[in-house]
Amino acid sequence: MLDVPAGRTVNAGNSMQMKKDVIIIGAGASGLLCAIECGKRGRSVLVIDHVERTGSKIRVSGGGRCNFTNLNLTPDHYLSRNPNFSRSALARFMPRDILSLVEKHHITYYEKEMGQMFCVKSAREIITALEQECCQVGVEIRLSCRVSDINHAGVFTVKTSEGSYSSDSLVIATGGLSYSKLGASGFGHELARKFKLKVTQVKPALVPFVFQGRDQKVFKGLAGIAFDTTVSIGRKKFRGNILFTHRGLSGPAALQASLYWEPGEPLLIDLFPALNIHRVFLSARQSKMELHTLLSGHLPKRFVQTWCDHMIISKPINQCSDKELKSIAEGLHAWKIVPKGTEGYDVAEVTAGGVNTDELSSKTMEAKKMPGLYFIGEVVDVTGLLGGYNLHWAWASGYAAGQFA
Ligand SMILES: Cc1cc2nc3c(=O)[nH]c(=O)nc-3n(C[C@H](O)[C@H](O)[C@H](O)COP(=O)(O)OP(=O)(O)OC[C@H]3O[C@@H](n4cnc5c(N)ncnc54)[C@H](O)[C@@H]3O)c2cc1C
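First, a word on scope: everything that follows refers to the structure included in this document. (Residues numbered from 1 in each chain as written. Predicted model: local features only at pLDDT ≥ 70, side-chain atom pairs only at ≥ 80, totals over all residues. Heavy atoms only, no water.)

**Focus: the overall build of the protein**
Along the backbone of the protein there are 13 helices and 22 strands. Its C-alpha atoms give the protein principal-axis dimensions of about 85 × 45 × 35 Å. Buried residues in the protein amount to 54% of all 405 residues. Here the analysis covers contacts within the protein between residues at least 6 apart in sequence; of these, 73% occur between residues at least 24 apart. Accessible surface, the protein as shown: approximately 17,300 Å² in total, 52% of it carbon and sulfur. With 48 positive and 36 negative side-chain charges, the protein shows a separation of 3 Å between the mean positions of the two kinds. (Helix = DSSP H or I, 4+ residues; strand = E, 2+ residues; numbered from the N terminus. Buried < 20%, exposed > 50% of the residue type's maximum accessible area, 1.4 Å probe, protein only. Contact = heavy atoms within 4.5 Å. Areas by Shrake-Rupley, 256 points an atom, 1.4 Å probe, with all protein chains shown as cover. Lys, Arg positive; Asp, Glu negative; His and termini not counted. Charge placed at Lys NZ, Arg CZ, Asp CG, Glu CD.)

**Focus on the environment of G64**
As for its placement among the helices and strands, G64 is situated in the loop between helix 2 (56-60) and strand 4 (67-70). Along the chain, G64 and A153 lie 89 residues apart, while their C-alpha atoms are 42 Å from each other. Beyond its immediate chain neighbours, meaning those up to four positions away, G64 contacts R59, S122 and A123.

**Digging into the packing of aromatic side chains**
Under the definition given, this model contains 18 aromatic pairs. An angle of 80 degrees between the planes, with centres 6.1 Å apart, marks the rings of Y78 and Y389 as edge-to-face. Residue Y78 is found in strand 5 (residues 78-79), and its partner Y389 is found in helix 13 (residues 389-402); the two are separated by 311 residues along the sequence. Y389 shares its class with Y78; the two are buried. An aromatic cluster of three or more residues is present, and its members are F211, F219, F227, F244, F303 and W335. (Phe/Tyr/Trp six-rings, centres within 6.5 Å; stacked < 30°, edge-to-face > 60°.)

**Notes on the site of the ligand**
Around the ligand sit 30 residues, and of these S30, D49, S185, E378 and L391 come closest. For the ligand, an oxygen atom lies 2.9 Å from a polar atom in the backbone of G62. With the chains in place, 94% of the 1,000 Å² that the ligand exposes on its own is no longer accessible. Listing elements by their share of the shell around the ligand, those giving two or more residues are helix 1 (29-40), helix 2 and helix 13. No other element matches helix 13, which puts 4 residues into the shell around the ligand. (Near = heavy atom within 4 Å. Polar contact = N/O pair within 3.5 Å; in protein donor to acceptor, adjacent residues only side chain to side chain.)

**Some points on the environment of T357**
Looking at the element boundaries, T357 is found in the loop between strand 20 (350-352) and strand 21 (373-375). Relative accessible area serves as the criterion here: at 2%, T357 is assigned to the buried category. Distance from T357 to Y110, taken between C-alpha atoms, is 33 Å for residues 247 residues apart in sequence.

**Here's the deal with the nonpolar core**
Within the largest apolar cluster, 125 residues are counted, with the highest numbers of intra-cluster contacts made by F244, L373, F375 and W395. No other element matches helix 13, which puts 8 residues into this core. (Core = buried A, V, L, I, M, F, W, Y, C linked by side-chain atoms within 4.5 Å.)

**Observations concerning the state of the cysteines**
Applying the stated rule across the entire model yields 0 disulfides. A disulfide-free cysteine, C34 has its sulfur positioned 4.0 Å from the sulfur of C38, the nearest such atom. (Disulfide = S-S within 2.5 Å.)

**A word on the layout of surface pockets**
The volume enclosed by the second largest pocket comes to roughly 270 Å³. Lining the second largest pocket are 14 residues, and of these Q201, K203, E262, A352 and G353 sit closest to its centre. (1 Å grid on protein atoms, 1.4 Å probe; cavity = no way out; pocket = protein on both sides within 12 Å on 5 of 7 lines; lining within 4 Å. Points joined across faces, edges and corners; volume = space filled by probe spheres on them.)

**A word on the pairing of strand 11 (residues 163-172)**
Along strand 11, 7 of the 10 residues are buried, which leaves the element largely enclosed by surrounding structure. Of the strand pairs in this sheet, strand 2 (residues 19-25) and strand 11 are connected by 6 bridges, and their pairing is parallel. Opposite K19, over in strand 11, you have S166 as the bridge partner. By the bridge criterion, 5 bridges tie strand 10 (residues 155-160) to strand 11 in an arrangement that is antiparallel. Its bridge partner being in strand 11, F156 is matched across the sheet by S167. (Pairing = 2+ DSSP bridges.)

**A short note on empty space enclosed by the protein**
Taken as a whole and judged by the stated rule, the model has 1 cavity of 30 Å³ or more. Estimates place the volume of the largest cavity at around 40 Å³. Lining the largest cavity, in full, are I98, L101, V102, I107, I126 and A129. Of all the elements in the fold, those that place two or more residues in the lining of the largest cavity are helix 4 (95-104) and helix 5 (124-136). If you tally residues by element for the lining of the largest cavity, the top one is helix 4, at 3 residues. Tallied by class, residues from the lining of the largest cavity come to 6 nonpolar, no polar and no charged. (Nonpolar A, V, L, I, M, F, W, Y, C, P; charged D, E, K, R; others polar.)

So, in structure tokens, the structure goes:
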């Protein structure tokens, strides 16, 4: 295991050599994959990162087991202003390709559900594999190295806390804004702007929602309760668990909805995605059972109690009018919540938006206006759904740039 202490250089390469063929900023998923591919082509490569470890986000991804790809991957699993942009890179680096790398390094993996591939042991194994691959092709990695300035005059000059480096190609693999404690920064977006490239609006995504004040008070006691729902945002629907938190809603269905949510928009939650609850009411039409007792047979009791206390007047079913039952059923199939906001970049798994794909070649990831400058991974306006798609985009875009940089 090459666990590298702060300030040291991983590998091998001649660290005194200040001119490289390729400099890659960001030693995360996309940067390391790109470095390996450039190295395989015989390019001299320097990877620079301002934190003290490689692959910080890989390490925490998938709860430490890294959901590193998805077997069902298609371009439809990605959001971007240009939905076709990711096609080319995804077609050239498929789930099978990352599985081959994982297998080469004897990393055991398994399919959790719906094509989501995880490490059996630890995400650290993937980082070790990437570091070893980098070593084998002579990639130099400088950690705890701060970039202070970048200029272009024929070659790129990168001024850092460790000295000045120059290169023919410069690859920006600095990721998005989420999880600044793991090294995330707006560096890539700022650099794009510096070179007059457009950046789309960015927002935290795959992130829990925060309830409005009143809802927060009402539902905070339910923290930890999770159950199956369908969460709709506009025309998009996500089937899966919601999880109540102290401040709002998380869980896979809510997190995915956050990709599409804009402030002020309501979420509609179908609390019975697999059941027509109106029919259930009608089948118990003559019953003296309280509505909340019936509902507790299908949903967590504490949730039902809280929901009924605030949304309806629970009474025996045989005392409800047809209209009342219909309206309650509608409310259960479309519980409307207008979140106050999201938990923001501190806990968002990704940043939606980024360098505008109009600025980049979908084949090479190179900036059209600035030959030699490449953007890969999360810094680009390509964002995946939950389930291994974001790491796969990092691999695929890193691979694409790695064939040309
Ligand atoms: C908690 C969490 C769990 C996740 N789980 C999954 C999952 O299971 N599956 C999945 O597909 N996706 C997951 N993701 C998303 C996934 O980790 C990212 O989309 C992916 O790592 C992006 O890769 P990247 O190479 O673009 O950027 P990153 O992996 O973020 O790497 C960027 C690198 O650039 C460095 N950097 C930033 N600014 C500078 C600077 N100014 N100077 C030098 N270096 C800089 C950073 O230190 C970092 O090392 C998760 C994210 C989080 C936060």
